[in-house]
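So you can see what is in the structure, the chains are spelled out below.
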Amino acid sequence: MADVGEILKSVLSTIRVPQPGDRVHKDECALSFSSPESEGGLYVCMNTFLGFGGRYVKKHHLRTGQRAYLHISRVRKPKSEDDSNSGSGHPPKKKPTRLAIGIEGGFDVEQEQYEDDVKVVILPDRQEVTQEDLATMPDVVRERVSQSIAGIMAADSVSHTLQVQQWDGEVRQESRHAAELQQLDNGLKIPPSGWRCEVCDLQENLWMNLTDGKVLCGRRYFDGSGGNNHALLHFQETGYPLAVKLGTITPDGADVYSYDEDDMVLDSKLPEHLTHFGIDMMTMEKTERTMTELEIAVNQRVGEWEVIQESGTSLQPLFGPGLTGMKNLGNSCYLNSVMQVLFSVPDFQSKYASNFETLIDEAPNDPSQDFKTQVAKLGHGLLSGEYSKPVADPTEENGAPEPRGDQIGIAPQMFKALVGRGHPEFSTNRQQDAQEFLLHFINMVERNCRSGPNPSEAFRFLVEERIVCQQSQKAKYTQRVDYIVQLPVPMDQATNTEELQEAERQREQGDSAPTVRAKIPFSACMAALNEPEMLTDFWSSAVQAKTTATKTTRFASFPDHLVIQIKKFTFGLDWVPKKLDVSIDVPDTLDLNGLRATGQQPGEELLPEVAPPPLMTPDVEVKGILGSHGNDEDDSLYSPLLSPVLDVSTVSQLGEMGFPLEACRKAVYYTGNTGIDSAMNWIMTHMEDSDFAAPLVLPGCSSGPGTTPTESLSEDHLATIVSMGFSRDQATKALRAKSNVLERALDWIFSHLDDLDSMDVSEGGRSAAESESGREPPPGPRVKDGPGKYELFAFISHMGTSTMCGHYVCHIKKGQQWVIFNDQKVCASEKPPKDMGYLYFYRRVAD
């Protein structure tokens, strides 16, 4: 061991002990999905703490010169007899009693037991140093190496800190209203039983307001069950925040809901608050299901969950290239479903998976933080088939796995951490909306593909909006970029109305009614999408006044791949989020050629390019609007002294709906004081904007003292517009003209396409012709266009009451076979539930 000892001593200065803040990647290779459980184990650099599989550790050594690696090999322990059931080999699962994962009483999460074998490996000759070998080495070597090994093994890996090991949906916070809750001395005493809603006489799902003692029914659930919203309406009328669910009161507590905080809460003074109305907690017994029990029941609801997951049928597991499962990292099924579909699109395959080795060679020293590397790694993992193998059970003879659909699969921990970094939602382990994640990821691809092929162009298309003034019959045309068609669900077009009414009648009478879904024709959804929208407060530049107008939307281009979102998630009249439980006969093929935009019609006159009257305070003279530098065509130099006059009543109405005040002010301002409807439309369109609740900044005003309009431009906004094929000069002009608001800048740039080539000098002093390395800028965004005929090749389905909970799976057509991807399970689909999808993916077919 003298030679190895000398070698180890020579590299001792490169061996570090992990310190607080160091990222230790000991569960996942930075360039593949190898792990300590994989054949060959994982090599962790003892200097950078990056992990590498056997295939890539030498590459890291040659690039960085690092020689000392800690090799970790992990073997799963066989299950003991106590853990086995002699009949099936699997113990019967207990029914969950707690809305939790990974803790007693919660949803079962199988915990495997492993044994680790560790040793130091010195490259390039892969000389091994075991713990026994270290004991014979000099003290200075033994101590440093042992401390590094102990530090690496004891440190929480990056994946461990990101992955949810336990999730408890019952953890509640103390209400901010509990300590000082006002209770009215109205002499009201509530009996221990026999309650009814004071408005509708409902006898279940009853809540007592803890301020005035009113007993009212709870919210109506998305499927029509529950109450009639009378407790919620009472809060909206009175502002009394806390209510307790009658029937859940026991000596141990009760369900308390805060309407103001919009969550289940704790009330440390609940016994005192109940005594005020004559209720003694110590004598009460439970007669109603708690909200936790109701949520568990919903999460186990037979209808939707079993149909979408194709439960109850024996599905044939599939293995091989393109059939790789993805482990659920804790509510990551939305990410798994979206990425499975994206890597069935040729543009993403060729950009990342086909160039995998090239991208790996070009990866930086820390590939865990590189977007292209991690996306390529994910694509290779899904498509190569390397990880699409059955999980071997060590208790079975000869290690032969039972083909139950469970795969070794991949755990995209680095990828999830990278794409979610800095995002308020995707950086968490909460459930998310698959549609929102799809757009988020496309945005990241746009930012990282400023040069070279951009696979997100496969989904990009142009939308033409045509507005016709009903008084002058003159028209206005604008174009915008989009990636998803959002299809409305006209519930009034259901074809099984009588069946729905009968189920509703049975529920109202307290009878057990079967689950009945509204059957909506796909043609009715398309008709609702194409129906002209009436604008009641449209400011017409032709008549210089407000009038009515109609707006129609058509495709200005057809993408290679079309994404359709069924707008199942909506708001009720009381602004309570709900999911529409519907069945839609989505077709296998689509012909949208009849929806192609035609542009200006022969003989049709266009509305004059005149801006609406500026919003100003009464004491500001008109001459102060443009000052000495403004002009009639460029509104980017408004005086920062201007204060807009906003319709206070409209702002108040929006604020009462729960929207941030600054968002309400911007909605009223940008819609020109044209009323609540147009302001509400603006809010719904811009709710996902990063600056949605930021203060209103008038055109030309800087975001802070001492800044100029140029300095305040967002680099992300510039990059987004440039990625669509426009020059930086054009992007700058658009953002300057529209106060650095991305959506308005895009509207402006598409409505000024004819003017872009004649642009003058930009901020850098270069003309448009001189920008972009001397090339002429393209006339507009890069979009692929062709016939509007499509065939369905994938869809993503959601189970649960809202996008913030539940579960996602996807179905993808591989050849002529539909395949269900349910996290780690990949099986041949027997009955793909095409009528219950949330996101549908079509690809163009030749005429």
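Residues numbered from 1 in each chain as written. Predicted model: local features only at pLDDT ≥ 70, side-chain atom pairs only at ≥ 80, totals over all residues. Heavy atoms only, no water.

Participant: Looking at this structure, I do not really get the overall build of the protein chain. What am I missing?
Facilitator: What the protein chain contains, in helices and strands, is 25 helices and 29 strands. Considering the protein chain as a whole, with its 847 residues, one finds that 48% of them fall into the buried category. Of the contacts formed within the protein chain by residues at least 6 apart in sequence, a portion of 70% connects residues at least 24 apart. Taken as a whole, the protein chain presents about 40600 Å² of accessible surface, with 49% of it coming from carbon and sulfur. (Helix = DSSP H or I, 4+ residues; strand = E, 2+ residues; numbered from the N terminus. Buried < 20%, exposed > 50% of the residue type's maximum accessible area, 1.4 Å probe, protein only. Contact = heavy atoms within 4.5 Å. Areas by Shrake-Rupley, 256 points an atom, 1.4 Å probe, with all protein chains shown as cover.)

Participant: Can you walk me through helix H19 (residues 648–656) in this structure?
Facilitator: Spacing of three or four residues puts side chains on the same side of an α-helix, whose turn is 3.6 residues. Three or more residues of H19 are buried, namely Thr650, Val651 and Leu654. Buried residues along H19 cover an arc of 100° about the axis, so they all sit on one side. Opposite its buried face, H19 presents the exposed residues Val648 and Glu656, each directed more than 90 degrees away. For H19, the secondary structure elements touched by its buried residues are helix H20 (661–670) and helix H21 (676–686). Gly658, located one to two residues past H19, shows a positive phi value of around 100°. (Arc of directions from axis to C-beta.)

Participant: Got a minute to help me understand the sheet that holds strand E3 (residues 68–76) in this structure?
Facilitator: Two strands in a sheet stick together by hydrogen bonds in their backbones, pointing the same way (parallel) or opposite ways (antiparallel). Taken in spatial order, the 5 strands line up as E2-E1-E3-E5-E6 in an open sheet, and their pairing is antiparallel. The open sheet has two free edges, formed respectively by strand E2 (51–52) and strand E6 (127–129), since each of these has just one partner strand. The pairing of strand E5 (residues 114–122) with E6 spans 3 bridges and is classified as antiparallel. By the bridge assignment, Val121 is partnered in E6 with Glu128. Helix-sheet contacts for helix H2 (residues 57–64) involve strand E1 (42–45), E2 and E3, and the interaxial angle to E3 is about 165°. (Pairing = 2+ DSSP bridges. Axes fitted to C-alpha atoms, helices over the stretch in contact; angles between N-to-C directions.)

Participant: How should I be thinking about the packing of H19 against H21 in this particular structure?
Facilitator: Each pair of packed helices can be summarised by the angle the axes make with each other and by the distance between the axes. Packing of H19 against H21 leaves a shortest axis separation of 10 Å and a crossing angle of 45°. Relative to H21, H19 is oriented oblique. The two elements H19 and H21 meet at a crossing, and its hand is right-handed. Taken together, the residues of H21 that come into contact with H19 (itself represented by Thr650, Gln653 and Leu654) are Ile676, Ala679, Met680 and Ile683. Its residues assigned to classes, the contact of H19 with H21 comprises 5 nonpolar, 2 polar and no charged. (Parallel < 35°, antiparallel > 145°, perpendicular 65-115°, else oblique. Left-handed = near helix turned anticlockwise from the far one by under 90°. Nonpolar A, V, L, I, M, F, W, Y, C, P; charged D, E, K, R; others polar.)

Participant: I keep staring at the pairing of strand E13 (residues 263–266) and nothing clicks. Help me out?
Facilitator: Look at any regular strand and the pattern is simple: side chains alternate between the two faces of the sheet. Looking at chain direction, strand E8 (residues 173–174) and E13 are connected through 2 bridges and run parallel. Paired with Gln173 across the two strands is Val265, which belongs to E13. The pairing of strand E12 (residues 256–258) with E13 spans 3 bridges and is antiparallel. Note on E13: the bridge partner recorded for Tyr257 is Met264. Linking two consecutive strands that pair antiparallel, namely E12 and E13, is a turn of 4 residues; a positive phi of about 55° is found at Asp262 within it.

Participant: Sorry if this is basic, but what is going on with the sheet that holds strand E19 (residues 545–555) here?
Facilitator: The strand order across the open sheet built from 4 strands is E15-E14-E19-E18, with neighbouring strands paired in antiparallel fashion. Among the strands making up the open sheet, the edge pair consists of strand E15 (475–482) and strand E18 (533–540). This sheet shows a mean twist of 35° between the axes of neighbouring strands, independent of strand direction. Relative to E19, strand E14 (residues 461–469) runs antiparallel, the two sharing 7 bridges. Bridge pairing in E19 places Arg466 opposite Thr552.

Participant: Mind showing me how you'd approach the nonpolar core here?
Facilitator: The biggest cluster of nonpolar side chains holds 94 residues, and the ones touching the most others in it are Leu8, Val145, Met339, Tyr352, Phe441 and Phe841. Residues within four places of Phe841 in sequence aside, it is in contact with Val341, Leu438, Phe459, Leu562, Val563, Glu791, Leu792, Phe793, Ala794, Phe795 and Ile796. Counting residues in hydrophobic clusters, the runner-up holds 30 residues, among them Leu242, Val256, Tyr257 and Phe277. (Core = buried A, V, L, I, M, F, W, Y, C linked by side-chain atoms within 4.5 Å.)

Participant: Would you mind going over the environment of Lys567 with me for this structure?
Facilitator: Inspection of the secondary structure puts Lys567 in the loop between strand E20 (561–566) and strand E21 (569–571). On the basis of relative accessibility, which here comes to 38%, the residue Lys567 falls in the partly exposed class. It is 7.7 Å that separates the C-alpha atoms of Lys567 and Tyr838, two residues lying 271 residues apart in sequence. With sequence-adjacent residues up to four places away left out, Lys567 is seen in contact with Gln486, Leu487, Pro488, Val489 and Leu580.

Participant: It is not clear to me how unusual backbone geometry should be interpreted in this structure. Could you clarify?
Facilitator: Leaving glycine out, the prevailing phi sign among residues is negative, and the prevailing peptide bond configuration is trans. Backbone torsion omega between Leu123 and Pro124 reads 15°, so that peptide bond is classified as cis. With respect to the helices, strands and loops of the structure, Pro124 is situated in the loop between E5 and E6. Notably, Arg126 is not glycine yet its phi reads approximately 55°, a positive angle. Looking at the secondary structure, you find Arg126 in the loop between E5 and E6.

Participant: Just checking my understanding: could you explain empty space enclosed by the protein for this structure?
Facilitator: With a probe scaled to a water molecule rolled over the atoms, the places where space remains empty come into view. Applying the stated rule across the entire model yields 4 cavities of 30 Å³ or more. Looking at the largest cavity, the residues that line it are Leu31, Phe52, Lys59, His60, Arg63, Ile360, Ala363, Pro364, Asn365 and Pro367. Residue contributions to the lining of the largest cavity peak at 3 residues, all from H2. Looking at side-chain class alone, the lining of the largest cavity contains 6 nonpolar, 2 polar and 2 charged residues. (1 Å grid on protein atoms, 1.4 Å probe; cavity = no way out; pocket = protein on both sides within 12 Å on 5 of 7 lines; lining within 4 Å. Points joined across faces, edges and corners; volume = space filled by probe spheres on them.)

Participant: Please explain the environment of Pro251 as it appears in this structure.
Facilitator: If you trace the backbone, Pro251 turns up in the loop between strand E11 (242–245) and E12. Once you skip the residues sitting within four places of it in the chain, Pro251 turns out to touch Met281, Met282 and Met284.

Participant: Before we go on, may I ask you to explain the confidence of the model for the protein chain in this structure?
Facilitator: Low pLDDT means the predicted atomic positions in that stretch should not be read closely. When pLDDT is averaged across the protein chain, the result is 79; 76% of the residues are at 70 or more. Counting interchain partners and residues more than four positions distant, the pLDDT-below-50 stretch residues 97–103 has 37 contacts. (pLDDT = per-residue confidence, 0-100.)

Participant: Would you explain the pairing of strand E29 (residues 837–844) in this entry?
Facilitator: Taken across its 8 residues, E29 has 6 buried, putting it largely inside the fold. Sheet topology places E20 next to E29; 5 bridges connect them, and they run antiparallel. When the sheet's bridge partners are listed, His561 is paired in E29 with Arg843. Relative to E29, strand E25 (residues 789–799) runs antiparallel, the two sharing 7 bridges. Looking across to E29, one finds that Ile796 is bridged to Leu839.

Participant: Could you clarify how one ought to interpret the packing of aromatic side chains in this entry?
Facilitator: The relation between two aromatic rings is expressed through the spacing of the ring centres and the mutual angle of the planes. Under the counting rule described, the total for this entry stands at 19 aromatic pairs. Each ring, one from Trp207 and one from Tyr257, has its centre 6.5 Å from the other, and the planes form 75°; the classification is edge-to-face. With Trp207 in strand E9 (residues 206–209) and Tyr257 in strand E12, the pair connects residues that are 50 residues apart, well separated along the chain. With relative accessibility at 6%, the residue Trp207 sits in the buried group. A residue is classified by how much of its surface remains accessible, and Tyr257, at 13% relative accessible area, is buried. The side chain of Lys377 reaches across the aromatic face of Phe33, ending 4.9 Å from its centre. (Phe/Tyr/Trp six-rings, centres within 6.5 Å; stacked < 30°, edge-to-face > 60°. Lys NZ or Arg CZ within 6 Å of the ring centre and 35° of its normal.)

Participant: What is the right way to read the pattern of salt bridges from this model?
Facilitator: A side chain with one charge can pair with a side chain of the opposite charge if their charged atoms come near. Per the stated rule, a full pass over the model turns up 30 salt bridges. The shortest N-O distance in the salt bridge between Arg219 and Asp262 comes to 3.7 Å. Of this pair, Arg219 sits in the loop between strand E10 (215–217) and helix H6 (230–238) while Asp262 sits in the loop between E12 and E13, and the two are 43 residues apart along the sequence. Here Glu533 makes a salt bridge to Lys551, at a shortest N to O gap of 3.7 Å. (Salt bridge = Lys/Arg side-chain N within 4 Å of Asp/Glu carboxyl O.)

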